[in-house]
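Structure at a glance
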Amino acid sequence: QVLLVESGGGLVQAGGSLRLSCAASGRTFSGYAMAWFRQAPGKEREFVAAIWWSGGSTYYADPVKGRFTISRDNAKNTVYLQMNSLKPEDTAVYYCAAGLPVIVAASSNYAYWGQGTQVTVSS
């Protein structure tokens, strides 16, 4: 059984930082892409960042470029999202996903999802 378990969300003031973690288990993810998506109330789920487990190529959505960094720890089977200079518009539930996407930003391309972790940025 594949499990993706997110942690690290919380409440932070604008300008602050948080680091999200996604612990993956249940299969070998070599060759997979790991991604973070987010969904704010009343909005569609949107792509945030992705990293290929093998090779480490990374991709970012324009709103988070220069502020967020995605990384992985192969030994721990964990993917991280370091979020700096947080803004109130970053408030959302953040989801970890794993898959073999043709388009890394397309949520429909990911087969496995975590339960989500809430990030709230106060102004």
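This section reports on the structure supplied with the text. As the structure is a prediction and not an experimental result, all values here were calculated from the model.

Definitions and cut-offs
- Residues numbered from 1 in each chain as written.
- Predicted model: local features only at pLDDT ≥ 70, side-chain atom pairs only at ≥ 80, totals over all residues.
- Heavy atoms only, no water.
- Salt bridge = Lys/Arg side-chain N within 4 Å of Asp/Glu carboxyl O.
- Buried < 20%, exposed > 50% of the residue type's maximum accessible area, 1.4 Å probe, protein only.
- Core = buried A, V, L, I, M, F, W, Y, C linked by side-chain atoms within 4.5 Å.
- Helix = DSSP H or I, 4+ residues; strand = E, 2+ residues; numbered from the N terminus.
- Phe/Tyr/Trp six-rings, centres within 6.5 Å; stacked < 30°, edge-to-face > 60°.
- Pairing = 2+ DSSP bridges.
- Disulfide = S-S within 2.5 Å.

Across all of its chains, the model carries 4 salt bridges by this definition. In this structure, Glu 46 engages Arg 38 in a salt bridge whose closest nitrogen and oxygen atoms are separated by 2.6 Å. The salt bridge involving Asp 62 is made with Lys 65; its shortest N-O contact spans 3.1 Å. The burial state of Asp 62 is the same as that of Lys 65; both residues are exposed. Connected via shared salt-bridge partners are Arg 38, Glu 46, Arg 67 and Asp 90.

Our focus in this paragraph is the nonpolar core. Grouped together as the largest cluster of nonpolar side chains are 37 residues, with contacts concentrated most on Met 34, Trp 36, Leu 81, Met 83 and Tyr 94. Sorting the residues of this core by element identifies β3 (18–25), β4 (33–39), β5 (46–52), β7 (68–73), β8 (78–83), β9 (92–99) and β11 (117–122) as the ones contributing at least two each.

This paragraph deals with the packing of aromatic side chains. Two aromatic rings are characterised by how far apart their centres lie and by the angle between their planes. In this structure the tally under the stated criterion is 8 aromatic pairs. Measuring from centroid to centroid gives 5.2 Å for Phe 37 and Trp 113, while their planes differ by 55°, and the two rings are tilted. Taken as a pair, Phe 37 in strand β4 and Trp 113 in strand β10 (residues 110–113) lie far apart in primary sequence, 76 residues in all. Looking at Trp 113, the relative accessible area reads 27%, which means it is partly exposed. Ring centres of Tyr 95 and Trp 113 lie 6.5 Å apart, and the angle between their planes is 75°; on these two criteria the pair is classed as edge-to-face. Of this pair, Tyr 95 sits in strand β9 while Trp 113 is found in strand β10, placing the two residues 18 residues apart along the sequence. For Tyr 95, a relative accessible area of 14% corresponds to the buried category.

The next point concerns the pairing of β7. On a regular strand, each side chain points to the face opposite its neighbour's, so the side chains alternate between the two faces of the sheet. Judged from the 6 bridges that link them, β7 and β8 form a sheet pairing that is antiparallel. By the bridge assignment, Asp 73 is partnered in β8 with Thr 78. Between β7 and the antiparallel strand that follows it, β8, lie 4 residues; Asn 77 among them carries a positive phi value of about 55°.

For the rest of this paragraph, the subject is the state of the cysteines. A complete count under the given rule lists 1 disulfide for this structure. Between the sulfur atoms of Cys 22 and its disulfide partner Cys 96 the distance amounts to 2.0 Å. Its torsion about the S-S bond being -75°, the disulfide of Cys 22 and Cys 96 is classed as left-handed. Here Cys 96 lies in strand β9 and Cys 22 lies in strand β3, a separation of 74 residues in the sequence. Cys 96 carries the same exposure label as Cys 22, and that label is buried.

Function cannot be inferred from these measures alone, as they are strictly geometric.
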